[in-house]
Every structure is written in structure tokens, then in C-alpha cells.
Amino acid sequence: MPSTQRSGIENPTPRTIEGPLYVAGAPASEGFARLDDGRDTNGHTLIMHGTVYDAGGKPLPGATVEVWHCDTRGFYSHFDPTGLQAPFNMRRTIIADAKGCYKFQSIVPHGYGVPPGSPTEQLLSALGRHGQRPAHIHFFISADGHRKLTTQINIDGDPLVNDDFAYATRDGLVPAITERTTDEASIKANNLTGPFAEIEFDIHLTALVNGVDNQVNEQRQRAAA
Ligand SMILES: [Fe+2]
């Protein structure tokens, strides 16, 4: 039985892994952010948005949505071996607006794997396993009086969506992705000039447990170099 069930906690928005590539201190803005700098020319534009809800099911203005993902080569800024990405590319902090909504523009990330030839890959190969992950987007969501939520969504349609070597896929974390190819009204409404993909994903936070956020990890203090 999962520990949350043992504790009597329901997680309407499932938790999953953080991964090792979060960097604190991303630029913050209210309501909306553009995550990418437009230099990944293979990128397919993504608009993702939703509402953050409190433990009572009401929209939660002021909630903090930290989001980070990789580019179409599978590289994260700050960990890009080619050095091509500026600091905090595809990393932002969005403060939910007066209606509890967050929204961002970016590109659809691609999947990635452990470095080819690395000891990790060699170990996985010896075990008969691959080291690949489906495309995904990471999130921390936090607000006063609530447990911090660490989660990620997978990009629906990725062939590895149910074969993640890190076992991070969860029911409820593979939202529909809708291609807006000929929908001129929605293209215009998002200040875009061409087709884009859209994901709507609402987030439900849970209350503190006996007044404590048992999810905060003080060891997670990696600052940007
Ligand atoms: Fe990741």
C-alpha cells in the first residue's frame, strides 16, 4: 500500500519522481511565461495551461508552479553538454493568477536516455534493460498551507510512455495533447502564427499533515552555478 494511502491522504494529482536535473532560481512571472528562447528550431510549439486548486477544491491564486523540461535533443539547460542553451532555458516559475490559472508557451520536449556508453547504460544493458525515458515535463507546485507537489506529465503518444526506465509514469499524468493545426481562432488567441499543440492540466494540492509539509526536502537546495 502506498504511504499516502496508509496516511489517509488522497492525491488527486499523483506524485512522481523529481529527477536529478532541477535547478532553483528560475525567472518568475505571474500567470504566464514563455519557457523557451525560440532557438530550438526543431521544436513544435506547445501551450500548456490549467488551474491550481486548493485542498478544498477552490482555485488557488498565488500558487507557485515551477516547470522544467528538456529540448528536442533531450538536453536540459545547465546540463547541456553542447553548451548551446542559455541558463534557465525551458525553466520558469509561474505564479498562478487571480483565478488560480497558470499558462506557458514552450516547445514539446523529446524523450532522452542515460548517456550512451556511460556506466549506467552499461549496467542497464547487462540487466537487459534500456535507459530511455518518454518525453515529459517536470513540476513542483507549492502554496501556503499545502504540501508541495512534485510531479511530471508525460507527452501522450510517446512510444515509451508506458516503458519509462525510471518508472515515473502514473495514471492521471498523461494528459491529452491536442494539435491545433487549422484552428485559426486559438492560434490567434495565443498570439501565435502557426500550428501548436495544447495540453490542459489542472493541479490539485493537498493539505498539510498535522500542520507539516512532509514533502519538503531540505537537501534539495541545488542552486544554479
Ligand atoms: Fe526529466
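Residues numbered from 1 in each chain as written. Predicted model: local features only at pLDDT ≥ 70, side-chain atom pairs only at ≥ 80, totals over all residues.

**Student:** Teacher, can you tell me more about the overall build of the protein here?
**Tutor:** The helix and strand inventory of the protein stands at three helices and 13 strands. Oriented by its inertia axes, the alpha-carbon framework of the protein measures out at about 50 × 45 × 35 Å. Here the protein holds 225 residues, and 30% of them are scored as buried. Considering only contacts within the protein whose residues lie at least 6 apart along the sequence, 70% involve residues at least 24 apart. (Helix = DSSP H or I, 4+ residues; strand = E, 2+ residues; numbered from the N terminus. Buried ≥ 20, exposed ≤ 12 C-beta atoms within 10 Å, placed from the backbone. Contact = placed C-beta atoms within 7 Å.)

**Student:** Looking at this model, I keep getting lost on unusual backbone geometry. Mind explaining?
**Tutor:** Peptide bonds are, in most cases, trans, and in most cases residues other than glycine have a negative phi. Backbone geometry places His78, a non-glycine residue, at a positive phi of 75°. Within the secondary structure, His78 is located in the loop between β4 (64–68) and β5 (91–95). We classify His78 as partly exposed; it has 18 C-beta atoms within 10 Å. The phi torsion at Asn210 lies on the positive side, around 50°, for a residue other than glycine. Its place among the elements puts Asn210 in the segment after β13 (203–204). Asn210 sits in the exposed class, given 6 other C-beta atoms within 10 Å.

**Student:** Would you explain the pairing of strand β6 (residues 101–107) in this entry?
**Tutor:** Walk down a regular strand and you will see the side chains alternate between the two sheet faces. Most of β6 sits inside the fold, with five of its seven residues counted as buried. Strand direction decides the pairing type here: strand β2 (residues 32–34) and β6, joined by three bridges, are parallel. Of the residues in β6, the one forming a bridge with Ala33 is Phe104. Here strand β3 (residues 45–53) pairs with β6 via seven bridges, running antiparallel. Opposite Thr45, over in β6, you have Ile107 as the bridge partner. (Pairing = 2+ DSSP bridges.)

**Student:** Honestly, the sheet that holds strand β10 (residues 149–154) in this entry has me stumped. Any pointers?
**Tutor:** Adjacent strands of a sheet form backbone hydrogen bonds with each other and so pair up, either parallel or antiparallel. Taken in spatial order, the five strands line up as β1-β5-β4-β9-β10 in an open sheet, and their pairing is mixed. The outermost strands of the open sheet, each flanked by one partner alone, are β1 (28–30) and β10. Adjacent strand axes in the sheet meet at a mean angle of 25° when their direction is disregarded. By the bridge criterion, three bridges tie β1 to β5 in an arrangement that is parallel. Note that in β5 the partner of Ala28 across the bridge is Thr93. (Axes fitted to C-alpha atoms, helices over the stretch in contact; angles between N-to-C directions.)

**Student:** Could you clarify how one ought to interpret the nonpolar core in this entry?
**Tutor:** Proteins that are soluble and globular tend to have nonpolar side chains buried together. Among the nonpolar cores identified, the biggest contains 36 residues, and Val52, Val65, Val67, Ile141 and Leu205 are the most heavily contacted of them. Broken down by secondary-structure element, the contributors of at least two residues to this core are β3, β4, β6, β9 (136–142) and β10. For Val65, the contacting residues outside a window of four places in its chain are Val52, Ile94, Ala96, Tyr102, Phe139 and Ile141. (Core = buried A, V, L, I, M, F, W, Y, C linked by C-beta atoms within 7 Å.)

**Student:** Looking at this model, I keep getting lost on the environment of Thr64. Mind explaining?
**Tutor:** Here Thr64 shows up in strand β4. With 42 residues separating them along the chain, Thr64 and Tyr22 place their C-alpha atoms 15 Å apart. Ignoring sequence-local partners within four residues, the contact set of Thr64 consists of Thr93, Ile95, Ile141, Ser142 and Ala143.

**Student:** Explanation requested: the environment of Thr150 in the structure shown.
**Tutor:** Its place among the elements puts Thr150 in strand β10. Between the C-alpha atom of Thr150 and that of Phe140, which follows or precedes it by 10 residues, the distance is 4.7 Å.

**Student:** What is the right way to look at helix α2 (residues 119–126) in this model?
**Tutor:** For an α-helix, 3.6 residues make a turn, and residues three or four places apart therefore share a direction. With respect to burial, α2 is a largely exposed element, only zero of its eight residues being buried. A positive backbone phi angle near 80° is found at Gly128, which sits one or two residues after α2.

**Student:** Even after reading the chapter, I still don't get the pairing of β3, so can you show me in this structure?
**Tutor:** Of the strand pairs in this sheet, β3 and strand β12 (residues 196–200) are connected by four bridges, and their pairing is parallel. Paired with Leu46 across the two strands is Ala197, which belongs to β12.

**Student:** Looking at this structure, I do not really get the environment of Tyr76. What am I missing?
**Tutor:** With respect to the helices, strands and loops of the structure, Tyr76 is situated in the loop between β4 and β5. With 22 C-beta atoms counted inside 10 Å, the residue Tyr76 sits in the buried group. Residues in contact with Tyr76, not counting those within four places in the same chain, are Leu21, Trp68 and Cys70.

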